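Observations on the three-dimensional arrangement
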Amino acid sequence: MSEQKQNAAHPEAAHGEHEHHITPPGVYIVIFLTLLAFTALTVGASYIEMNIFNPVVALAIGVIKATLVVLFFMGVKYSTKLTKLTVFAGLFTFMALIGMTLADYFSRAWGRW
């Protein structure tokens, strides 16, 4: 009987809603310092001559930084599965569009003109 009273008082408990996760401030500080370190790494890598790998290294560092921001500052790490699916679907759509754009770009005959 007490379970029914508790569910009546909190209807979200009956539907399996999850509680809001509270991230400790220390996690935010560690992520912030990590982002600063990766920013310094990006600047340092820009001074090193790696030929065609300069943009690859810069993009790899940028992807790591963006992943940290999305997971922790935007709270996706502690979100529902639906939110994670939505983020993944958006990323997949973006990568598909980039892939189609690059496929079109590389399929052109640039030397025929």
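To start, this report covers the structure provided alongside it. (Residues numbered from 1 in each chain as written. Predicted model: local features only at pLDDT ≥ 70, side-chain atom pairs only at ≥ 80, totals over all residues. Heavy atoms only, no water.)

1. Some points on the environment of Y28
Let me state the cut-off plainly: Helix numbers and strand numbers start at the N terminus; a helix is a DSSP run of H or I with at least 4 residues, a strand a run of E with at least 2. Three exposure classes are used, based on accessible area relative to the maximum for each residue type with a 1.4 Å probe and protein chains only: buried under 20%, partly exposed in between, and exposed over 50%.
On the secondary structure map, Y28 appears in helix α3 (residues 25-46). Look at Y28 and you get partly exposed, because its relative accessible area is 30%. In this structure, the C-alpha to C-alpha distance between Y28 and F73, residues 45 residues apart in sequence, is 7.6 Å.

2. Regarding the pattern of salt bridges
Selection criterion: Take a side-chain nitrogen of Lys or Arg and a carboxyl oxygen of Asp or Glu: if they are within 4 Å of each other, that pair is a salt bridge.
Per the stated rule, a full pass over the model turns up 1 salt bridge. A salt bridge links D104 to R108; the nearest nitrogen and oxygen atoms lie 2.8 Å apart. With relative accessibility at 37%, the residue D104 sits in the partly exposed group.

3. Considerations on the packing of α3 against helix α4 (residues 53-73)
Filter applied, for reference: Lines are fitted to the C-alpha atoms to define the axes, a helix being fitted only along its stretch in contact, and any angle between axes, read from their N-to-C directions, falls within 0 to 180 degrees. Should an angle fall under 35 degrees it is taken as roughly parallel, and over 145 as roughly antiparallel, whereas 65 to 115 is taken as roughly perpendicular and any remaining angle as oblique. When checking whether two residues touch, look at their non-hydrogen atoms; a contact exists if any pair is within 4.5 Å. The classification used treats Ala, Val, Leu, Ile, Met, Phe, Trp, Tyr, Cys and Pro as nonpolar, Asp, Glu, Lys and Arg as charged, and all other residues, Gly among them, as polar.
Where α3 meets α4, the axes come as close as 10 Å, and the angle between the chain directions of the two elements is 170°. Relative to α4, the element α3 lies roughly antiparallel. In this structure, α3 contributes V27, Y28, I31, F32, T34, L35, F38, T39, L41, T42, A45 and S46 to the contact, and α4 contributes N54, V57, I61, I64, K65, L68, V69, F72 and F73. Residue classes in the contact of α3 with α4 are distributed as 15 nonpolar, 5 polar and 1 charged.

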